[in-house]
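As a plain string of letters, each chain reads:
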Amino acid sequence: MIKVGLIIIFLVSAIYAKNSLSYVDSLRVEAKPQPYYDFGVQGKEYNITEPDMYQVILEGVSEFQTEENIQKIRARIKEIVSERAIFKTDKSSCSVNKISKWEKDYFTYKSDVVNPMGRVISKKGEKALTPPLKMERFLCFIDGKDPKTIKDQVEFFQNKTSGQCIYAASNIDVRKLWKSFPGLDFYPSSEELLTRFKVPCAPSIVRMRGSETQRETFSIKQFKR
Amino acid sequence: MKLLLLAIFLSVSALAITENELSSAVTINEKNTPSSGEEVEASINVDGFSAPGSPSELEINEKQGKILKYPLLDVIATTQWSAIMRELEITMDLGACGEGLKYAIGLDSEMIEFVGYYERVDKPLNFTFAGMSLDGNIVKSNTARESSAADDSPRAQTTNSHFIKLPILGMIFKKKLSFWCLQEGILEMPYISEFEITYKHDFMNYKMIPQMIAMFSPDTLISTVFDCAATISASILNGNAAVSEAAFKDFEQFESTTEKMVSDMDYNGDMDLMDRVKSDTKSILDGVRNTLYYIDGCNGFSPIGGYQSGMDPLTEGHNDFHGIMNILMGASLATNSETFKKQSNFTYLPTSGNKKQPEPVDTMCHPAYFPMPIPSQFVLQEAYPVVGETKEVGQDGITVSTAKNVPGAEGVVFVVWERRDYYAFAYECPGSGKKK
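Predicted, not measured: the structure shown is a model, and the values here were computed from it. (Residues numbered from 1 in each chain as written. Chains lettered and ligands numbered in written order. Predicted model: local features only at pLDDT ≥ 70, side-chain atom pairs only at ≥ 80, totals over all residues.)

Asker: Explanation requested: the overall build of chain A in the structure shown.
Answerer: When helices and strands are tallied, chain A shows six helices and 11 strands. Counting the 225 residues in chain A, one finds 26% classified as buried. Considering only intrachain contacts with a sequence separation of at least 6, the fraction spanning at least 24 residues in chain A is 62%. (Helix = DSSP H or I, 4+ residues; strand = E, 2+ residues; numbered from the N terminus. Buried ≥ 20, exposed ≤ 12 C-beta atoms within 10 Å, placed from the backbone. Contact = placed C-beta atoms within 7 Å.)

Asker: Where do I start with unusual backbone geometry in this structure?
Answerer: The general pattern is negative phi for most residues beyond glycine and trans for most peptide bonds. Cis rather than trans, the peptide bond between A202 of chain A and P203 of chain A has omega equal to 0 degrees. With respect to the helices, strands and loops of the structure, P203 of chain A is situated in the loop between α6 (191-196) and β10 (204-210). Of note, the bond from Y384 of chain B into P385 of chain B is cis; its omega dihedral lies within 30 degrees of zero at 5 degrees. Among the structural elements, P385 of chain B can be located in the loop between β9 (378-384) and β10 (390-392). One non-glycine residue, N171 of chain A, lies in the positive phi region at around 60 degrees. Mapped onto the elements of the fold, N171 of chain A is located in the loop between β8 (165-170) and α5 (174-180).

Asker: It is not clear to me how the domain arrangement of chain A should be interpreted in this structure. Could you clarify?
Answerer: Where the parts come together, the accessible area they lose is often given as the size of the interface. Once the domains are mapped, chain A shows domain 1 (53-84) and domain 2 (98-105 + 132-222). Its C-alpha centre places domain 1 of chain A at a distance of 39 Å from the equivalent point of domain 2 of chain A. (Domains from an automatic or database assignment.)

Asker: What exactly am I supposed to notice about the pairing of strand β1 (residues 89-97) of chain B here?
Answerer: Side-chain positions along a regular strand alternate between the two faces of the sheet. Residue and element names in this part refer to chain B. The sheet contact formed by β1 and strand β2 (residues 104-121) spans six bridges and is antiparallel. Bridge pairing in β2 places C97 opposite A104. With antiparallel pairing between neighbouring strands as the criterion, β1 and β2 make up a hairpin whose turn holds six residues, including G98 at a positive phi of roughly 80 degrees. (Pairing = 2+ DSSP bridges.)

Asker: Looking at this structure, I do not really get the confidence of the model for chain B. What am I missing?
Answerer: The predicted coordinates ought not to be read in detail in places where the model reports low pLDDT. All names here are of chain B. Of all residues in chain B, 67% have pLDDT values of 70 or greater, and the mean over the chain is 73. Note that pLDDT drops below 50 for residues 242-249; the model gives that stretch 11 contacts with residues more than four away or on any other chain. The low-confidence segment residues 432-436 (pLDDT under 50) makes 10 contacts with residues lying over four places distant or belonging to another chain. Confidence metrics for the complex model read pTM 0.78 and ipTM 0.79. (pLDDT = per-residue confidence, 0-100.)

Asker: Just checking my understanding: could you explain the environment of I197 of chain B for this structure?
Answerer: Residues and elements named next belong to chain B. Checked against the element boundaries, I197 lands in the loop between β7 (188-192) and α5 (202-208). Taking the C-beta count within 10 Å as the criterion, I197 has 24 such neighbours and is therefore assigned buried. Between the alpha carbons of I197 and G305 there is a distance of 9.5 Å; along the sequence they are 108 residues apart.

Asker: Can you help me understand the environment of R137 of chain A in this one?
Answerer: Its place among the elements puts R137 of chain A in strand β7 (residues 133-143). Accessibility expressed as a C-beta count within 10 Å gives 22 for R137 of chain A, which makes it buried. C-alpha separation for the pair R137 of chain A and E83 of chain A, spaced 54 residues apart in sequence, amounts to 28 Å. Among residues more than four places away in sequence, those in contact with R137 of chain A are M208 of chain A together with F203 of chain B.

Asker: Is there a simple way to explain the nonpolar core in this structure?
Answerer: Side chains of a nonpolar character, in soluble globular proteins, are inclined to be buried together. Counting 131 residues, the largest nonpolar core has C140 and Y167 of chain A together with Y117, F414, V416, W417 and Y427 of chain B as the members making the most contacts within it. A total of nine residues in this core trace back to one element, the largest contributor, which is strand β11 (residues 412-424) of chain B. Lining this core are residues from two domains, each supplying at least three of them: domain 1 (53-84) and domain 2 (98-105 + 132-222) of chain A. Sequence-distant contacts of Y117 of chain B, defined by excluding residues within four places in its chain, comprise P71, F129, I164, L166, V413, F414, V415 and V416 of chain B. (Core = buried A, V, L, I, M, F, W, Y, C linked by C-beta atoms within 7 Å.)

Asker: Is there a simple way to think about helix α8 (residues 223-237) of chain B in this case?
Answerer: Note: α-helices contain 3.6 residues per turn, so residues at a spacing of three or four share the same orientation. Residues and elements named next belong to chain B. The end-to-end C-alpha distance of α8 is 21 Å, a good match for the 21 Å that 15 residues give at a rise of 1.5 Å each. Counted residue by residue, α8 has 12 buried out of 15 residues, so it is predominantly covered. Taken as a whole, α8 has its buried residues at S223, F226, D227, C228, A229, A230, T231, I232, S233, A234, S235 and I236. At the exit of α8 stands G239, carrying a positive phi of roughly 80 degrees. (Expected span 1.5 Å × (residues − 1).)

Asker: Looking at this structure, I do not really get the pairing of β8 of chain A. What am I missing?
Answerer: Residue and element names in this part refer to chain A. Taken across its six residues, β8 has six buried, putting it largely inside the fold. Every second residue of β8 is oriented toward a common face, with C165, Y167 and A169 on one face and I166, A168 and S170 on the other, all of them buried. Direction of pairing for β7 relative to β8: parallel, over a ladder of six bridges. Note on β8: the bridge partner recorded for F141 is A168.

Asker: Sorry, what's going on with helix α4 (residues 150-160) of chain A here?
Answerer: Residue and element names in this part refer to chain A. Buried within α4 we find I150, Q153, V154, F156 and F157. Looking straight down α4, one finds that the buried residues subtend no more than 160 degrees of arc, so they occupy a single side. In this structure, the buried side of α4 is in contact with β7, β8 and β10. Just beyond α4, the residue with positive phi is S162, at close to 55 degrees. (Arc of directions from axis to C-beta.)

Asker: Please explain the environment of K198 of chain A as it appears in this structure.
Answerer: All names here are of chain A. Position of K198 relative to the elements: it lies in the loop between α6 and β10. The exposure class of K198 is exposed, given the 12 C-beta atoms found within 10 Å. Along the sequence, K198 and E67 sit 131 residues apart, while their C-alpha atoms lie 47 Å from each other.

Structure (structure tokens):
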């Protein structure tokens, strides 16, 4: 009896469903986009009063391009370059000579990394070893708080690394260093560099070989003024 | 197998347009370079700045009957402003942003915006885009090889790269075109390679962006075929290939921008279907390009550091931008830069049965930090030494630079355009009072 009832309910539902589908189909036919027909014009016509956006843009840019604005931009470029050429920090210079052990150099992924097939091969926040270097490299941090010690710091690091140092300078304009030490590579240091290589102070040196790093700090007092 | 067939199909399509591109490139060079008789801009003397440009360079230009203009000195002529209207799309699809009192409904839209200049120059601290040099001549040479040839890479030389963020439209119009939510602010220079320790030292990149290094392997090299094909196809769809002139004419046929916008919003059968097919195809191509983020379209792997062969400045500049974009998105541990954020919609290349497949964060309502390159979000347009048309990031050298490199030019300058997919009128843009 129950089975018969279920069959009846199923049949009634099927009929309703079929009718509904037909209804949807008919709607679809009615809603199908049709070509435009020209029904002519009725009533008053109004012209567009708003200016053309493209023309507005071009006029705006033309007005922007004045000699005064160009000079302002050039002055701003000069200002930015002067700011970027020096890394100022309040951190004290190193006061003791100290050398760390060689440590594995890990980094943390800043985002998910996906491979060519869209699969995540590394998750954000995961730690991994940096790719190994083929030869030993040196990153030398110098401090320009007392500019008179700079020459001695550079000579010291040149001897220490057989001239292989790449310099990251604090508290001194690197453009001055470019002029004073032609042929050597100077860059402004940064918080990111200090954090990445766990450098506590300058003058110091970071040695890198394979996937390992070692840090050594030098007391500022040992450098001649 | 399907992917292989797709790649072959797309490659054939790409090759088919190459010949057109070649002839188009030559035509564009003749058409866009200012003719003789115009004002020479190469001898500017401002207090504190020396004028770039050597006599030999001017001589060459005079011989060719061409005069080079620094982009900032003629923004109108050196920028393809029509790109704005060409890429502007407003659909009738609705979307909502915000919660509570900030809830707003907007229209699914796409736009493109002038965000600044990218330049690759020979002399250090020479800012060709603005026609100024800050004593670069006395600074160390930047073209020397780093260490020995056997050590880092076989690449030959590096120059200097700058990215200058200059949101001109936002500076001019501010709140006037609020539905566009133009980027605002003043001039910034988030990337000056002379001060970037990673630019010339590959081993520093090993330490600073190891996630990119990890992707470089012979296995992933095959992906360049897909990425190149997808880039070329995307350039055709977006009107940045040889057909771009036709696309420009398509825009010209409308009497005004308003008419074009109304036309875009029409819901009339076949046109609408074509638009949707185009949109779906573009979405797949963007997925391929952004999944293969470590590849610069037809130019091979994304450059890590600034070394290039030095043979084709325009193509190399194009290629170099891919690496800089990576850093400006915040991928490097060497910088906190978030100059660029994700503001375009895409999904990663789909794979069957992969439950772990990630979905990039949705940015229809506000931009988001996303430290991975998004090639489909940017478009480059040559502004110096010749004015060219907009090109997709990763377009091949033939389409980018054939017959356009000018001997003696002070590097190359590109206008950087940035795309955005968003809900117009509901987007939470900075300065609109709808801050996230």
